[in-house]
Amino acid sequence: MIMTDPLVARMREFGTTIFAEMSALAVRTGAVNLGQGFPDTDGPPEMLDAAARALREGHNQYPPGPGIPELRAAIAGHQKRFWGLDYDPDGEILVTAGATEAIAASLLALCEPGDEVVCFEPYYDSYAAGIALAGAVRRPVTLRPGPDGRYAFDADELRAAFGPRTRLVLLNSPHNPTGKVFDRDELTLIASLCQEYDVPAVTDEVYEHVVFSDATVPHIPLATLPGMRSRTLRISSAGKTFSCTGWKVGWVSGPAPLVSAVTRVKQFLTYVNAGPLQPAVAVALGLGDEYYAGFTADLQAKRDLLAGGLVDAGFTIQRSEGTYFITADITPLGGRDGIEFCRALPDIAGVVAVPTQVFYDDKDAGRHLVRFTFCKRPEVLTEAATRLRDATFPR
């Protein structure tokens, strides 16, 4: 007899991702896809040239399990250069198949069934799936937009999320999908609770170089706070900073005992990945300050272009201090449910967005919000803005 639903119970809440659904809708309708956050341009030519050389020069077999030495050294140099963090390339850095694998491997390595993971909602969808795969329980703390459009959390709610079953904190800053950058006071509270409850932190910092000049605060890695380097697994990747999301080259940095635990799990997931791309990422990490400054300034201009179009179309937008994304309130346009709104938007306006309520446990907190990405060419953003402005929304 064939089981009607052979999937394990802990994964049954996870169907096709919202990104796949919305991207398929964009293809079917010919809409401008501002749903999934991937750039429509390639990364720096120095990196692409290095990848081509590596393909031709014999880097096509298994790389070392932790990653090639050149890339691990480049990651260590990058962390020291930008954040003042010292990591030993031999033992404190692990190369992974993107940040998604790094997060999943960290959760699987550190959580026992029934353990609790404190995180912030809305959360990137792989967080909930990774926690479920580990048999753990998520304890979300809700981020809500304030009067200034900047998202914040209630300190008492965060304290209440911690308890005897807390195993780790999963933090994303700069934060997807809200565009929030956590400030020093917020990070200090998180750090103090990690130390009070003696738990590690896993920090997803893939947007570390996408913090805009008008942000309230700069990006501050949690690992730089007193007492936190020894209990933080810091995760980042090449995909966002170097516009190569399809390469799936990420990394974990942290104290050797925690990185060793993640390595034990990672070796039975992908084992290794992206042999010919690892030398190219090492080259990219060593690019001059002008690359990083230009990259961020370009995205800020794109953010401003899309933000103006959304306001002109009648949305109320929330403040985006970083990342690839703007969240917008649909209620001024008569919207009440983000999923229904986003499914109808391609036919109404020829544009695709993502409903953020799918990233909440508290669905009502995000039901009226949708997410747009601006990591696209200016002409694409201009076309999307024009379509939204000219659309007639049912009231």
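Keep in mind that what you see is a predicted model, and the values were worked out from it rather than measured.

**Student:** Help me understand the overall build of the protein chain in this model?
**Tutor:** Counting its regular elements, the protein chain contains 14 helices and 15 strands. Expected size for 395 residues packed as a compact globule is a radius of gyration near 21 Å; at 21 Å, the protein chain falls within 12% of this value. Looking at the protein chain residue by residue over its 395 residues, the buried ones come to 58%. For the protein chain, contacts bridging at least 24 residues in sequence account for 75% of all contacts bridging at least 6. As displayed, the protein chain offers around 15,900 Å² of accessible surface, 54% of which is attributable to carbon and sulfur atoms. Separation of charge centres in the protein chain, based on 37 positive and 48 negative side chains, amounts to 2 Å.

**Student:** Would you mind showing me how to read a nonpolar patch on the surface here?
**Tutor:** Among the surface-exposed residues, Leu108, Leu133 and Leu269 lie close enough to one another that they form a single nonpolar patch of about 230 Å² accessible area. Within the element layout of this structure, leucine 108 appears in helix α4 (residues 98-110).

**Student:** So what exactly am I meant to see when it comes to the pattern of salt bridges here?
**Tutor:** A side chain of one charge can pair with a side chain of the opposite charge when the charged atoms of the two come close. Tallied over the entire structure, the rule returns 29 salt bridges. The salt bridge involving arginine 229 is made with glutamate 92; its shortest N-O contact spans 2.8 Å. On the criterion of sequence distance, the pair formed by arginine 229 in the loop between β8 (201-204) and β9 (232-237) and glutamate 92 in the loop between α3 (69-83) and β2 (93-96) is long-range, its members being 137 residues apart. Where aspartate 337 meets arginine 367, a salt bridge forms, and the shortest distance between an N and an O atom there is 3.2 Å. Residue aspartate 337 is found in the loop between β12 (325-329) and α12 (338-349), and its partner arginine 367 is found in the loop between α13 (363-366) and β15 (369-373); the two are separated by 30 residues along the sequence. For aspartate 337, a relative accessible area of 16% corresponds to the buried category. For arginine 367, a relative accessible area of 28% puts it in the partly exposed group. Here the salt bridges share partners, and the residues they tie into one network are Arg150, Asp183, Arg319 and Glu321.

**Student:** Looking at this model, I keep getting lost on the environment of threonine 323. Mind explaining?
**Tutor:** Looking at where threonine 323 falls in the secondary structure, it is placed in the loop between β11 (316-317) and β12. We classify threonine 323 as buried; its relative accessible area is 0%. With 149 residues separating them along the chain, threonine 323 and proline 174 place their C-alpha atoms 6.2 Å apart. When residues no more than four places from it in sequence are discounted, the contact partners of threonine 323 are Pro174, His175, Asn176, Gly179, Tyr207, Val210, Phe212 and Phe374. Of note is the side chain of threonine 323, whose polar atom sits 3.2 Å from the backbone nitrogen of phenylalanine 325.

**Student:** Please explain helix α10 (residues 278-285) as it appears in this structure.
**Tutor:** One full turn of an α-helix is made of 3.6 residues, so residues set three or four places apart face in the same direction. Of all 8 residues that make up α10, 7 are buried, and the element is covered over most of its length. Within α10, the full set of buried residues consists of Gln278, Pro279, Ala280, Val281, Ala282, Ala284 and Leu285. In this structure, the buried side of α10 is in contact with α2 (45-56), α3, β2, α8 (238-241), β10 (250-253) and α11 (289-313).

**Student:** What exactly am I supposed to notice about the packing of α2 against α10 here?
**Tutor:** Packed helix pairs are characterised by how far apart their axes lie and by the angle those axes make with each other. One can describe the packing of α2 onto α10 by two numbers: an axis separation of 8 Å at closest approach and a directional angle of 155 degrees. With respect to α10, the axis of α2 lies roughly antiparallel. Relative to α10, the crossing made by α2 is right-handed. Contacts from Glu46, Met47, Ala50, Ala51 and Ala54 in α2 reach Pro279, Ala280, Val283 and Ala284 in α10. Residue classes in the contact of α2 with α10 are distributed as 8 nonpolar, no polar and 1 charged.

**Student:** Would you take a moment to explain the environment of tyrosine 360 for this structure?
**Tutor:** Mapped onto the elements of the fold, tyrosine 360 is located in the loop between β14 (354-355) and α13. Judged by relative accessible area, tyrosine 360 falls into the buried class, the value being 1%. Placed 217 residues apart in sequence, tyrosine 360 and leucine 143 show a C-alpha to C-alpha distance of 9.8 Å. With residues near it in sequence (within four places) discarded, tyrosine 360 still touches Glu121, Pro122, Tyr123, Thr142, Leu143, Tyr151, Ala365, Gly366 and Leu369.

**Student:** Explain the nonpolar core to me, please; I cannot follow it from the model alone.
**Tutor:** For soluble globular proteins, the rule of thumb is that nonpolar side chains tend to be buried together. Among the nonpolar cores identified, the biggest contains 99 residues, and Phe242, Phe315, Phe372 and Leu388 are the most heavily contacted of them. Per element, the largest residue contribution to this core is 8 residues, and it comes from α11. In contact with leucine 388, not counting residues within four places along its chain, are Leu310, Ala313, Phe315, Leu345, Ala349, Val351, Phe372 and Phe393. Membership of the second largest hydrophobic core comes to 27 residues, among which are Leu143, Phe182, Leu189 and Ala365.

**Student:** Sorry, what's going on with unusual backbone geometry here?
**Tutor:** Note on backbone geometry: most residues besides glycine have negative phi, and most peptide bonds are trans. For the bond from serine 173 to proline 174, the omega torsion is -10 degrees, close enough to zero to count as cis. On the secondary structure map, proline 174 appears in the loop between β7 (166-172) and α7 (184-196). Even without being glycine, tyrosine 271 reaches a positive phi, approximately 65 degrees. Unusually for a residue other than glycine, alanine 274 sits at a positive phi of about 55 degrees. Within the fold, alanine 274 resides in the loop between α9 (256-266) and α10.

The rules behind each value
- Residues numbered from 1 in each chain as written.
- Predicted model: local features only at pLDDT ≥ 70, side-chain atom pairs only at ≥ 80, totals over all residues.
- Heavy atoms only, no water.
- Helix = DSSP H or I, 4+ residues; strand = E, 2+ residues; numbered from the N terminus.
- Rg over C-alpha atoms; globule rule 2.2 N^0.38 Å.
- Buried < 20%, exposed > 50% of the residue type's maximum accessible area, 1.4 Å probe, protein only.
- Contact = heavy atoms within 4.5 Å.
- Areas by Shrake-Rupley, 256 points an atom, 1.4 Å probe, with all protein chains shown as cover.
- Lys, Arg positive; Asp, Glu negative; His and termini not counted.
- Charge placed at Lys NZ, Arg CZ, Asp CG, Glu CD.
- Patch = residues over 30% accessible without salt bridge, like charges linked within 9 Å, V, L, I, M, F, W, Y side chains within 5 Å.
- Salt bridge = Lys/Arg side-chain N within 4 Å of Asp/Glu carboxyl O.
- Polar contact = N/O pair within 3.5 Å; in protein donor to acceptor, adjacent residues only side chain to side chain.
- Axes fitted to C-alpha atoms, helices over the stretch in contact; angles between N-to-C directions.
- Parallel < 35°, antiparallel > 145°, perpendicular 65-115°, else oblique.
- Left-handed = near helix turned anticlockwise from the far one by under 90°.
- Nonpolar A, V, L, I, M, F, W, Y, C, P; charged D, E, K, R; others polar.
- Core = buried A, V, L, I, M, F, W, Y, C linked by side-chain atoms within 4.5 Å.

Honestly, that's just the spatial picture; any functional story needs more than this.
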